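Residue-level structural notes
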Amino acid sequence: MDPLIGKLEIHRRRIRRVRAADAAVRWAFYAAVAACLYLLAVKVARLSLPHGAAAALLAAVPLAMAVREWARAFSIRDCAVHLDRLLGLEERLSTAVEASGAMAAVVSGDASGALDRAAAPPRTFPREGKLLGGALLLCGALLAVPSPERTGSRGDPAFQAMAAAEAEKLASLENVDVRFKEAAELLRQGKAEETLAELQLL
């Protein structure tokens, strides 16, 4: 096997794994937001929904989207074009992949050396990944919040202690987005619905 093709194959597998992981994280955030809306509907609107089916569906979404991303066509040539753009290699890799004849070995060797010398950019994570923690914390808070039919729940010391603990967790994410601090203030006031609305704006 051409050494360049072998290197591109390694990069191709890595890129596909990263894309699948990013898709899973991104859709895990959306699923967490949907779970918050579900809990809000159950507790505030008093809707009767199938808990097991809803939980299974929300848990399956990130996995399904990761599989979908992994299944996308991404050939060696696609990988070469992607790396050319990412690393600023001026189409060396894609040209080498398509080269044939007597000059193919020379072009391939040059592209392989350029790939080895290129500095990979730092790994970036989806923005939704930074917000996923806050969404999961809110899900936990909504699970612990008593339903409105429990008279006097907002004045319950146990409820207030739980809300304060969850608010501290949200406030700790202020460095990710200042609106987490605003959501924490709302939760300290016992306003779970307003807290959810604030986090949906992130």
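Scope of this entry: the structure provided in the associated data block. (Residues numbered from 1 in each chain as written. Predicted model: local features only at pLDDT ≥ 70, side-chain atom pairs only at ≥ 80, totals over all residues. Heavy atoms only, no water.)

**As for helix α6 (residues 127-144)**
Along its 18 residues, α6 runs 27 Å from first to last C-alpha, staying within 8% of the 26 Å computed at 1.5 Å per residue. If you look at α6, its biggest bend is around 30°, right at G133. Residues of α6 that are buried include every one of E128, L131, L132, G134, A135, L138, C139, A141 and L142, and no others. (Helix = DSSP H or I, 4+ residues; strand = E, 2+ residues; numbered from the N terminus. Expected span 1.5 Å × (residues − 1). Bend = angle between axes of the 7 residues up to and from the residue. Buried < 20%, exposed > 50% of the residue type's maximum accessible area, 1.4 Å probe, protein only.)

**Remarks on the state of the cysteines**
All told, the structure shown has zero disulfides when counted by the stated rule. Left without a disulfide partner, C36 is nearest to the cysteine sulfur of C139, which lies 3.2 Å away. According to the relative accessible area criterion, C36 is buried, its value standing at 2%. (Disulfide = S-S within 2.5 Å.)

**Structural notes on the nonpolar core**
General note: in soluble globular proteins, nonpolar side chains tend to be found buried as a group. Counting residues in hydrophobic clusters, the biggest one holds 15 residues, and the most contacted among them are L4, L8, C79, L83, L93 and L115. Residue assignment for this core shows that the elements contributing at least two residues are α1 (3-43), α3 (76-87), α4 (92-98) and α5 (104-117). If you tally residues by element for this core, the top one is α3, at five residues. For L93, the residues in contact, after removing those within four places along its chain, are L4, L8, A80, L83, D84, A111 and L115. Of all hydrophobic cores here, the second largest spans nine residues; its members include C36, Y38, A54 and L142. (Core = buried A, V, L, I, M, F, W, Y, C linked by side-chain atoms within 4.5 Å. Contact = heavy atoms within 4.5 Å.)

**A closer look at α5**
An ideal rise of 1.5 Å per residue puts 20 Å on 14 residues; α5 measures up with 20 Å between its terminal C-alpha atoms. Restricting attention to buried positions, one finds in α5 the residues A104, S108, A111, S112, G113, A114 and L115.

**Brief notes about the packing of aromatic side chains**
Counted under the stated rule, the structure contains two aromatic pairs. Linked through ring pairs, W27, F29 and Y30 together constitute an aromatic cluster. Positioned above the aromatic ring of F74, the side-chain terminus of R19 is 4.6 Å from the ring centre. R123 extends its terminal NZ or CZ atom over the ring of F125, reaching a point 4.5 Å from the ring centre. (Phe/Tyr/Trp six-rings, centres within 6.5 Å; stacked < 30°, edge-to-face > 60°. Lys NZ or Arg CZ within 6 Å of the ring centre and 35° of its normal.)

**Here we look at the layout of surface pockets**
Here the largest pocket is characterised by a volume of approximately 470 Å³. Lining the largest pocket are 18 residues, with R14, H82, L86, P121 and R123 sitting closest to its centre. The set of elements that each furnish at least two residues to the lining of the largest pocket consists of α1 and α3. Residue contributions to the lining of the largest pocket peak at six residues, all from α1. Among the residues forming the lining of the largest pocket, the class breakdown is 11 nonpolar, three polar and four charged. The calculated volume of the second largest pocket comes to roughly 220 Å³. As for the second largest pocket, its lining consists of 15 residues, and the residues nearest its centre are A31, A35, A54, A55 and L58. Going through the elements one at a time, α1, α2 (51-71) and α6 are the ones with two or more residues in the lining of the second largest pocket. (1 Å grid on protein atoms, 1.4 Å probe; cavity = no way out; pocket = protein on both sides within 12 Å on 5 of 7 lines; lining within 4 Å. Points joined across faces, edges and corners; volume = space filled by probe spheres on them. Nonpolar A, V, L, I, M, F, W, Y, C, P; charged D, E, K, R; others polar.)

**Brief notes about the environment of C79**
When you line up the elements, C79 lands in helix α3. Each C-alpha atom of the pair C79 and L93 lies 8.9 Å from the other, and the pair is 14 residues apart in sequence. Setting aside chain neighbours within four positions, we find C79 in contact with L8, H11, R12, I15 and F74.

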